[in-house]
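# Notes for the structure review
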Amino acid sequence: MTQPKPNDPDAAPSPQPARTPNDPDAAAPSPQPTRRRAPSMSPEARRAMIVHVTLPLVAEYGAAVKTSQIAAAAGIGEATIFRVFKDKDELLEACIAEALRPDNVVEAIRAIPLEISLHERLHEAAAAMEAHMDRMGRVLGAMHASGFRSGPHNRSDAPGQPHQRDDAPGQPRERGDASGQPRERGGRVAGIAATRAALAELFAPEQPALRLPADQLAGVLLDLLFARSRRPDAGSEPICVASLIELFLHGAFDQAKLPAEFQGGA
């Protein structure tokens with residue numbers, strides 16, 4: 001019987017020996033990639049994230065902002081918005097409440113180092129206040145211009161009213177908070193008091209040389225900043241922050257040209 005040649009193409013392949021699990025030449029099973037699920041947000045964290053994303057859109061579009069725009073900016077589906085907010089009105093209420101909160105500006109003022117000069121301290125504090133009031137004004141102005149009035153009246157989730165989940169702005173309503181209760185004046189007063197206290201801390205190193213207690217000076221500066229932001233004569237150029245601080249610290253006179261009657265201090 002003729003044996004097939006080793007290179008004969010018609011020769012049947014020789015049977016291969018079975019590989020055992022301990023065979024070093026055995027192919028190791030390819031590792032399966034492990035997938036990690038992204039940590040889920042708590043409802044409170046998701047609410048805060050959505051409000052943070054919505055604020056600049058509200059400042060631009062007012063109550064006319066669409067939930068589809070909000071979802072796209074947040075990188076979420078529209079349905080996710082309504083898992084943490086009853087309706088669009090509640091989200092808009094939360095944006096108004098966030099714009100009015102003084103927490104951020106108070107933290108910014110308290111972060112100003114006392115090692116820098118008083119002029120620099122107050123300039124940084126005034127800039128933080130200006131940014132806070134600017135955002136507050138833009139958000140409230142856009143909401144007012146688009147016909148939104150916050151408060152419990154005409155809420156879409158009131159008895160007998162359809163549950164609002166579309167992009168229609170709310171009906172004119174009275175002011176209130178996100179829970180539908182009237183917004184108490186006490187919250188605003190507490191916010192101003194916290195801001196005033198933070199400003200007063202900036203005067204602490206110079207307290208022995210001050211004419212008035214630090215708290216009173218902080219109140220005067222706060223009044224000046226608020227007045228600057230609410231000027232009725234919008235057609236004229238407002239005084240810049242640096243000049244306002246200079247005026248606050250050194251008065252109306254140029255010290256190099258001080259009249260004799262004011263020399264030596266009043």
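First things first, this report covers the structure right here in the doc. Given the structure is predicted, the values throughout are model-derived calculations rather than measurements. (Residues numbered from 1 in each chain as written. Predicted model: local features only at pLDDT ≥ 70, side-chain atom pairs only at ≥ 80, totals over all residues. Heavy atoms only, no water.)

### Looking at the pattern of salt bridges
Taken as a whole, this structure holds 8 salt bridges when the rule is applied. Glu130 is the partner of Arg228 in a salt bridge, and the nearest nitrogen-oxygen pair spans 2.7 Å. Taken together, the positions of Arg228 in helix α8 (residues 214-229) and Glu130 in helix α6 (residues 118-145) put the pair 98 residues apart, joining distant regions of the chain. Look at Glu130 and you get partly exposed, because its relative accessible area is 32%. Notably, a salt bridge pairs Asp215 with Arg196, separated by 3.1 Å at the nearest N-O pair. Of this pair, Asp215 sits in helix α8 while Arg196 is found in helix α7 (residues 185-202), placing the two residues 19 residues apart along the sequence. The exposure class assigned to Asp215 is partly exposed, which follows from its relative accessible area of 39%. Put simply, Glu98, Arg101 and Asp103 are held in one network by salt bridges that share partners. (Salt bridge = Lys/Arg side-chain N within 4 Å of Asp/Glu carboxyl O. Helix = DSSP H or I, 4+ residues; strand = E, 2+ residues; numbered from the N terminus. Buried < 20%, exposed > 50% of the residue type's maximum accessible area, 1.4 Å probe, protein only.)

### What to know about the packing of helix α1 (residues 43-61) against helix α4 (residues 88-100)
Where α1 contacts α4, the axes come no closer than 9 Å and their chain directions differ by 80 degrees. On the basis of the axis angle, α1 is roughly perpendicular to α4. From α1, Arg47, Ile50, Val51, Thr54, Leu55 and Val58 reach across to α4, where they touch Glu90, Leu91, Leu92, Ala94, Cys95, Glu98 and Ala99. Considering only residue class, the contact of α1 with α4 consists of 9 nonpolar, 1 polar and 3 charged. (Axes fitted to C-alpha atoms, helices over the stretch in contact; angles between N-to-C directions. Parallel < 35°, antiparallel > 145°, perpendicular 65-115°, else oblique. Contact = heavy atoms within 4.5 Å. Nonpolar A, V, L, I, M, F, W, Y, C, P; charged D, E, K, R; others polar.)

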